[in-house]
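Chain by chain, the residues:
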Amino acid sequence: EVEIPKTGFTLSGTVTSFGDANGDITIQLIEQGLTEPAYETVVKGNTVNYSFASVAAGTYTLKVSKANHVTREYTVVVGNTTVIQDVKIHLKGDIDGNGTVTTMDAMRANSHARGVTLLTDYALKCADVVGTDGTVTTMDAMRINAHAKGSNLLW
């Protein structure tokens, strides 16, 4: 009996998201240096498993997106073993990632806009709800606050 060599390893994990449990979550695996995904899958659910089989060794960007959420990217290295990478994406305006947009999120955005407590990385992207221009201003804080109070929803 001839043993067929493996061409790659499995990358899998759990995706946590919020909002519509029936909404599509797109998960893409993009090889370093490239722009088009080498692998892609779509799953549904707020806590759901995903899996890519036979992933070639290399460094990848794992890109996770869903409507009304802020797209998140993770760097994943696939070598000679199975890789487990759990991922979580937040709703737009949900800076702390608790699944709801609250006045506390608005206060965090306002604190950043005033230069008191700066947000970084993914939290900064979650707070950037006006124009998504890479900056968080008092306009973003007011918009998050309006959503939290139900007067002007983000989605």
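Shown above is the structure to which this text applies.
Computed from a predicted structure; not experimentally measured.

## Section: the packing of helix α1 (residues 103-113) against helix α3 (residues 138-148)
1) Next: Between α1 and α3, whose axes approach to 8 Å, the crossing angle comes to 175°. Judged on the interaxial angle alone, α3 and α1 are roughly antiparallel. Taken together, the residues of α3 that come into contact with α1 (itself represented by Thr103, Asp105, Ala106, Ala109, Asn110 and Ala113) are Thr138, Ala141, Ile144, Asn145 and Ala148.
2) Next: Class assignment for the residues of the contact of α1 with α3 results in 6 nonpolar, 4 polar and 1 charged.

## With respect to the environment of Ala21
1) Next: Within the fold, Ala21 resides in the loop between β1 (9-16) and β2 (24-31).
2) Next: Considered as a pair, Ala21 and Val129 are 108 residues apart in the sequence and their alpha carbons are 22 Å apart.
3) Next: Once residues within four sequence positions are removed from consideration, Ala21 is found in contact with Lys44, Gly45 and Asn46.

## Overview of α3
Every α-helix carries 3.6 residues per turn, so stepping three or four residues along brings you back to the same face.
1) Next: Those residues of α3 that fall on the buried side of the exposure criterion are Asp140, Ala141, Ile144, Ala146 and His147.
2) Next: Those residues of α3 hidden inside the fold are in contact with α1 and α2 (121-127).
3) Next: Residue Gly150 follows α3 closely and has a positive phi angle near 80°.

Reading the values: the criteria
Residues numbered from 1 in each chain as written. Predicted model: local features only at pLDDT ≥ 70, side-chain atom pairs only at ≥ 80, totals over all residues. Heavy atoms only, no water. Axes fitted to C-alpha atoms, helices over the stretch in contact; angles between N-to-C directions. Helix = DSSP H or I, 4+ residues; strand = E, 2+ residues; numbered from the N terminus. Parallel < 35°, antiparallel > 145°, perpendicular 65-115°, else oblique. Contact = heavy atoms within 4.5 Å. Nonpolar A, V, L, I, M, F, W, Y, C, P; charged D, E, K, R; others polar. Buried < 20%, exposed > 50% of the residue type's maximum accessible area, 1.4 Å probe, protein only.

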